[in-house]
Amino acid sequence: MVSALSVRQVRRRYLTLYGLRWLPTGLMIPVMILLMQERGLSLPQIGLAATAQGLLVLALELPTGGLADALGRRPVLLAAGVLNLVSLSLFAVATSFALFFLVWALQGIYRALDSGPLESWYVDATLAADPEAEYERGLGHAGTVAGLAIGGGALLGGGFVALGPIGSVSALTVPVLVAVLAQVVALVALLVLLVEQRPATGAAAVRASVAQAPRMIGEAVGLLRRSRVLLALVAVELFWGFGMVTFESLLPVRLAEVIGDPERAAALLGPASSAAWLVSAAGAALTPLLLRWPGAAPGAALLRILQGVTVVGMGLFAGPVGVLVAYLACYGVHGASNPLHSGLLHRQVEGPYRTSVLSLNSMMAQPAGALGMVALTALAAAASVSTAMVVGGVVLAVAAPLYLPAWFAGRKQAAVDAAADPTPIPVRAER
């Protein structure tokens, strides 16, 4: 792909689109689980409905990733945005298990389409503008922007809940309607800001791209088979996806449990989620420092263990203050670890198959998350929410050794580079 944009222009557009992409998510965080409970779903039913997302991601992640590599990132992202708009609109009015199951199914298709194309566009457009550019900086900034967008959205969502119902619309429903409007804005921005050059357009190009997608998938899977490092990095997502259920879905229930009032918990979760994502943004801003010491792979491994510890704390602390402090720490670690993992992944893949490999990575996380939703919500109902969170925290920490192959490979490559050219290379100014 040939880019007419500079590195800075690409990064600015990427960060703008990335922030708008995560704003609706932030608005939904304080109310998603509690709204489903308000409309009559039990925790096991919520977990079962959420499996629709994971199963569809499992089925569609690779085909949609290959389609994005073959057809282009822009049309795939536009289709994803439209589906997210439809699912959010349906979520606002759903009142039965069947409708919520459909919402999660649409979310699964959306996630499969959305997983990877924007990040792949950013990396490829950056390298097209400057083949020697360090795109990890932009990935770290994206984590900061996502934290700010989600945190701001969560703060707004909690504020809307605190204001109470508007007419016949319940307090927990108002943030969902605002998320619908935010998704419309994100779609318009995507149309304007994301530009790419594709070899052909029209129906013939679509047919050719669909036919080419299986080959792109096969090449990506071939990379996975040939690279022990890439295989281990993708396997991290199995544990990560399972364990993330604790702080993404069980935390509102845990907070309502220790406070004793679901609506008070939802109102408190708004500013708490905002603060958590601001801490996450700060964690992502540490990416350059973590790359220097202890390094990407060892840093990612240590952060996996630390995140597991924070989740165990969320499950064991008795009062709301302790739970929220552990929650903030968890998101700080989460923000710091994401750019490190993404950077390690991108270093293992060439541009033509970049989105397909990212889809492989996400494909592991989503079904694992679905399994986590079923297993951990069932465990929460049978034993306690605290027990489920402790189990999830342990699973998160278990992923740490999977970063060792990347660590060893990085050290080996550094030794080879030093032997080939021991002269330090001056740092180039970024354009």
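Everything here concerns the structure above.
In this report, we go over the structure that sits alongside the text. As the structure is a prediction and not an experimental result, all values here were calculated from the model.

### Notes on the packing of aromatic side chains
The tally for this structure, following the rule as stated, stands at 9 aromatic pairs. On the basis of an interplanar angle of 45 degrees and a centroid distance of 5.4 Å, the ring pair of Tyr-14 and Tyr-18 is categorised as tilted. With a gap of 4 residues between them, Tyr-14 and Tyr-18 both fall in helix α1 (residues 7–28), about one helical turn apart. Here the two residues Tyr-14 and Tyr-18 agree in accessibility, since each one is buried. Measuring from centroid to centroid gives 6.1 Å for Phe-97 and Phe-101, while their planes differ by 40 degrees, and the two rings are tilted.

### Observations regarding unusual backbone geometry
Outside of glycine, negative phi angles account for most residues, and trans bonds account for most peptide bonds. A cis amide bond links Trp-293 to the next residue, Pro-294, at an omega of 5 degrees. Within the secondary structure, Pro-294 is located in the loop between α13 (287–292) and α14 (296–316).

### Topic: helix α6 (residues 117–129)
Over its 13 residues, α6 runs 18 Å from end to end, which matches the ideal 18 Å to within 8%, given 1.5 Å per residue. Counting buried positions along α6 yields 11 of 13 residues, so the element is predominantly enclosed. Taken as a whole, α6 has its buried residues at Pro-117, Leu-118, Glu-119, Ser-120, Trp-121, Tyr-122, Val-123, Asp-124, Ala-125, Thr-126 and Ala-129.

### Let's talk about the pattern of salt bridges
By the definition in use, this model includes 3 salt bridges. Residue Arg-73 is joined to Asp-124 by a salt bridge in which the shortest nitrogen-to-oxygen separation is 3.1 Å. Pair noted here: Arg-73 is in helix α4 (residues 73–93) and Asp-124 is in helix α6, with a separation of 51 residues, a long-range link. In this structure Arg-73 comes out as buried when scored by relative accessible area, which is 6%.

### What about a nonpolar patch on the surface?
A cluster of nonpolar side chains, contributed by Val-184, Val-188, Leu-191 and Val-192, occupies part of the molecular surface with about 340 Å² of accessible area. Given the relative accessible area of 48%, Val-188 is considered partly exposed.

Criteria and thresholds
Residues numbered from 1 in each chain as written. Predicted model: local features only at pLDDT ≥ 70, side-chain atom pairs only at ≥ 80, totals over all residues. Heavy atoms only, no water. Phe/Tyr/Trp six-rings, centres within 6.5 Å; stacked < 30°, edge-to-face > 60°. Helix = DSSP H or I, 4+ residues; strand = E, 2+ residues; numbered from the N terminus. Buried < 20%, exposed > 50% of the residue type's maximum accessible area, 1.4 Å probe, protein only. Expected span 1.5 Å × (residues − 1). Salt bridge = Lys/Arg side-chain N within 4 Å of Asp/Glu carboxyl O. Patch = residues over 30% accessible without salt bridge, like charges linked within 9 Å, V, L, I, M, F, W, Y side chains within 5 Å. Areas by Shrake-Rupley, 256 points an atom, 1.4 Å probe, with all protein chains shown as cover.

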